[in-house]
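Inside the fold
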Amino acid sequence: MTATLIRGRTLSFKRAPASLEDTDAYAYETDGALLVENGLILASGAYEAVKAQAPEDVAEIDHRPHLILPGLIDTHLHFPQMQVIGSYAANLLEWLNTYTFPEECRFVETAHAERIATHFFDEMIRHGTTTAVAYCSVHKSSADAFFAEALRRNMRMVAGKVMMDRNAPQGLLDTPQMGYDETRAVIEQWHGKGRNHVAITPRFAITSTPEQMSAAQVLVREFPDLHVQTHLSENRDEIDFTCSLYPDAADYTDVYARYGLLGPKTLFGHCIHLSEREMDAMSETGSIAVHCPTSNLFLGSGLFPLKKLVGREKPVRVSVATDIGGGSSYSMLRTMDEAYKIQQLQGERLNPFESFYYMTLGNAEALSLEDKIGTLEPGTDADFIVLNMAATPAMALKAEVVTSLVDELFLLQTMGDDRAITETYVAGVSAKAGLAG
Ligand code: GUN
Ligand code: ZN
């Protein structure tokens, strides 16, 4: 593949910004460029300096005046819930039983899973999400459909076959042995193939018997480098039900701790109602609390204490995610708009640099993948997006009075969605042009 020079304003984080004034936390070039070849970023920085490193006859794509950012990362969503989004339910457990479980039963059909996988990856690209961490359904074939499509698109994806063996319709249950065997088969077939990562995925304690939790523990011991994903402390009724199913556990977090599931590769979706003891346990193990703002508001689950978690003496690692289809938007921009409001309601501020850090490098760090994604550093994957702060008439009007980078980011977060994503590059290749619709 020949090298390409991509020009525009570039923004990439180096670490979490401590404040709005913390300009050392990021690199911003008003006339910047990326040199990409063979799916990687070879050089990045000021346009003239990067051009000097490029071959004489390099192809050049000019995105000025738009902003180039690392591809967005979504650390929690459900691939079989694309037709669950926008379902009218009072709370989590009603939503699961009435809409979500019946819909996931349809993924026993390979043709259905393959059709939805195509739509899933189209939406990711449309919304500028180049890496996502997905739950498939309980059916191994759903994971096969997901990873086959990820491979075709050459996208870096993390996903797992859900393990669940109780408290759901018969068509959605495996057994401890099946969950173990099929997860192993998915790992052997897909992990490390192309850019695929397999995650060990017990859905949550309510839908796994103690025997299945033990099977998940064996998998974690056998494959210690793999990601683990599950749900924790999303809803008060869910917490009470969980504690009744595991009466020996000190609390919800302790259920997972007893099966060795806490750790630096474990992503716990939601974590809204944790006690100080649970936060300490999360912190001591390096576990990640995944904030899903649109979902938490949509299902009325509660207000995620982001600033409290990251600011406490024993900080908890945090990432951000859409949680489709409990979440109501595929857009990480819409997601961070809601995250901002959730902090406002708790008397806290989430500044635009923090938001854009979380969507990119922050989420990459949460996945321990910052050497590959979430940044524009040379040597990393050439997954990046082009953002237009004047994408709609209303945004263009507001953009007339925007005079700083921070104002631009805040406008993108407050009013932006897929229309603000001008282009999505996957491994150095423009991916938006080929989309249907
Ligand atoms: N807890 C267990 N399963 C799910 C799910 O699919 N979505 C959400 N939001 N919470 C869950
Ligand atoms: Zn979820």
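This structure is a prediction, so every number in the text was calculated from the model and none was measured.

Description of the overall build of the chain
A tally of helices and strands in the chain yields 15 helices and 16 strands. Radius of gyration (C-alpha) of the chain: 21 Å, near the 22 Å computed for a compact globule of 437 residues. Seen through its C-alpha atoms, the chain measures out along the principal axes to roughly 65 × 45 × 40 Å. Each of the 437 residues in the chain was classed as buried or not, and the buried ones make up 55%. Sequence-distant contacts in the chain: of pairs separated by 6 or more residues, those separated by 24 or more amount to 73%.

Some details on the site of ligand 1
All residues adjacent to ligand 1 are H78, L92, L96, T100, R203, F204, H231, E234, S295, D323 and G326. The element best represented in the shell around ligand 1 is helix α2 (residues 92-105), accounting for 3 residues. Its residues placed into classes, the shell around ligand 1 shows 3 nonpolar, 5 polar and 3 charged.

Some words on α2
A rise of 1.5 Å per residue sets the reference length of α2, with its 14 residues, at 20 Å; its end C-alpha atoms lie 18 Å apart and thus fit the reference within 8%. Of all the bends found along α2, the most pronounced is centred on Y99 and spans about 35 degrees, while P102, a proline, follows it within four residues. Residues of α2 that are buried: L92, W95, L96, T100, F101, E103 and E104. On the buried face of α2, the contacting elements are α7 (236-245).

Digging into the packing of helix α3 (residues 110-126) against helix α4 (residues 140-153)
Packing of α3 against α4 leaves a shortest axis separation of 9 Å and a crossing angle of 40 degrees. Viewed along their axes, α3 and α4 adopt a mutual orientation that is oblique. Note on packing geometry: the crossing formed by α3 with α4 is right-handed. Here α3 contributes T110, A113, E114, A117, T118 and F121 to the contact with α4, which in turn contributes S141, S142, A145, F146, E149 and R153. Tallied by class, the residues present in the contact of α3 with α4 amount to 5 nonpolar, 4 polar and 3 charged.

Some remarks on the nonpolar core
Judged by nonpolar contacts, the single largest core of 132 residues is most densely connected at L34, A134, F146, A159, A216, A289 and L387. With 8 residues, helix α13 (residues 352-366) is the largest single contributor of residues to this core. Residue contributions to this core reach at least three from each of two domains, namely domain 1 (4-71 + 374-434) and domain 2 (72-367). The contact partners of A134, leaving out residues within four places of it in the chain, are L77, H78, F79, F146, M157 and A159.

Thoughts on the pairing of strand β1 (residues 4-13)
Most of β1 sits inside the fold, with 9 of its 10 residues counted as buried. As paired strands, β1 and strand β4 (residues 59-70) are joined by 6 bridges and run parallel to one another. Within β4, the position partnered with T10 by the bridge is I68. In the sheet, β1 pairs with strand β2 (residues 26-37) via 9 bridges, with the strands oriented antiparallel. In the strand pairing of β2, I6 is matched with L34.

Overview of the domain arrangement of the chain
Domain assignment breaks the chain into domain 1 (4-71 + 374-434) and domain 2 (72-367). Contact with domain 1, which involves 30 residues of that partner, is made by 31 residues of domain 2. Of all the secondary-structure elements, those providing two or more residues to the side of domain 1 that touches domain 2 are β4, α15 (405-415) and β15 (421-426). At 6 residues, α15 tops the list of elements feeding residues into the side of domain 1 that touches domain 2. For the side of domain 1 that touches domain 2, a count of residues per class yields 18 nonpolar, 7 polar and 5 charged.

Conventions adopted
Residues numbered from 1 in each chain as written. Chains lettered and ligands numbered in written order. Predicted model: local features only at pLDDT ≥ 70, side-chain atom pairs only at ≥ 80, totals over all residues. Helix = DSSP H or I, 4+ residues; strand = E, 2+ residues; numbered from the N terminus. Rg over C-alpha atoms; globule rule 2.2 N^0.38 Å. Buried ≥ 20, exposed ≤ 12 C-beta atoms within 10 Å, placed from the backbone. Contact = placed C-beta atoms within 7 Å. Near = placed C-beta within 6 Å. Nonpolar A, V, L, I, M, F, W, Y, C, P; charged D, E, K, R; others polar. Expected span 1.5 Å × (residues − 1). Bend = angle between axes of the 7 residues up to and from the residue. Axes fitted to C-alpha atoms, helices over the stretch in contact; angles between N-to-C directions. Parallel < 35°, antiparallel > 145°, perpendicular 65-115°, else oblique. Left-handed = near helix turned anticlockwise from the far one by under 90°. Core = buried A, V, L, I, M, F, W, Y, C linked by C-beta atoms within 7 Å. Domains from an automatic or database assignment. Pairing = 2+ DSSP bridges.

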